[in-house]
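# Working through the structure, step by step
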Amino acid sequence: SAVISQKPSRDICQRGTSLTIQCQVDSQVTMMFWYRQQPGQSLTLIATANQGSEATYESGFVIDKFPISRPNLTFSTLTVSNMSPEDSSIYLCSAGASTNEKLFFGSGTQLSVL
Amino acid sequence: DAKTTQPPSMDCAEGRAANLPCNHSTISGNEYVYWYRQIHSQGPQYIIHGLKNNETNEMASLIITEDRKSSTLILPHATLRDTAVYYCIVRGSNYGGSQGNLIFGKGTKLSVKP
């Protein structure tokens, strides 16, 4: 099984600023994904982090707002840019080795924007 | 959109079996049924997954109907620590793009009571 570490675990930010969230996996994985969970809601997929190429974004999410990097098979970052209070959510990283194997999740980053 | 339907909430007495149903009538032949749970303020935890055969592990059993249009997650002896939101997810087996990710619905909030 893979262990996923996310940093920071929580942060309080001012509107208009940006925050970069890091996701580190303890083994090489094929797939990495970023999710958002707004208060009281289920998880929503933001994008697939592709190693060595641009991320694939889901409808409603754009690269300018949520730039993603994935320089290798164990690490990815998600930046929440030009933040507003509506971006206050939990952001979660998930990763897995193949499509018919389980995906693991990090413990999430609790973001509050004032 | 999520391809599954689950009851929004269920109660279960501690020590009894918890049977959580899920409908996935549009599932296709190469799609797996996954179950995750999320305990408050934590990342989703993998429980079990299956394609068409029933599966059992140390956490739970997964019963999939012969036509694969529905399934049931069984927690054989529920404890208070099993109180969580349980998500039933249909996941494609084709790697690439958004096929390998998990699309979460609203899940079932299971409350285990003493």
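Residues numbered from 1 in each chain as written. Chains lettered and ligands numbered in written order. Predicted model: local features only at pLDDT ≥ 70, side-chain atom pairs only at ≥ 80, totals over all residues. Heavy atoms only, no water.

## A few points about the interface of chain A and chain B
Many analyses report the size of an interface as the accessible area lost when the parts associate. Between chain A and chain B, the contact holds 20 residues from the first and 24 residues from the second. Buried area between chain A and chain B, both sides added, is near 1700 Å², and the carbon and sulfur share of it is 57%. The interface formed by chain A and chain B includes zero salt bridges. Summed over the shared surface of chain A and chain B, the result is four residue pairs in polar contact (both at pLDDT 80 or more). Elements represented by at least two residues in the side of chain A that touches chain B include exactly strand E4 (31-37) and strand E5 (43-49) of chain A. The element that contributes the greatest number of residues to the side of chain A that touches chain B is E4 of chain A, accounting for four residues. Per-class residue counts for the side of chain A that touches chain B are eight nonpolar, nine polar and three charged. (Contact = heavy atoms within 4.5 Å. Buried area = accessible area lost by both parts, 1.4 Å probe. Salt bridge = Lys/Arg side-chain N within 4 Å of Asp/Glu carboxyl O. Polar contact = N/O pair within 3.5 Å; in protein donor to acceptor, adjacent residues only side chain to side chain. Helix = DSSP H or I, 4+ residues; strand = E, 2+ residues; numbered from the N terminus. Nonpolar A, V, L, I, M, F, W, Y, C, P; charged D, E, K, R; others polar.)

## A word on the sheet that holds strand E3 (residues 32-38) of chain B
Residues and elements named next belong to chain B. With respect to topology, five strands assemble into an open sheet ordered E1-E9-E8-E3-E4, the strand pairing being mixed. Each end of this open sheet is capped by a strand with a single partner; those strands are strand E1 (9-13) and strand E4 (45-50). Across this sheet, the average inter-strand angle for adjacent strands is 25°, counted without regard to direction. Bridge count for E3 against strand E8 (residues 84-91) is seven bridges, and the pairing is antiparallel. Bridging from a neighbouring strand, Tyr36 pairs with Tyr87 of E8. (Pairing = 2+ DSSP bridges. Axes fitted to C-alpha atoms, helices over the stretch in contact; angles between N-to-C directions.)

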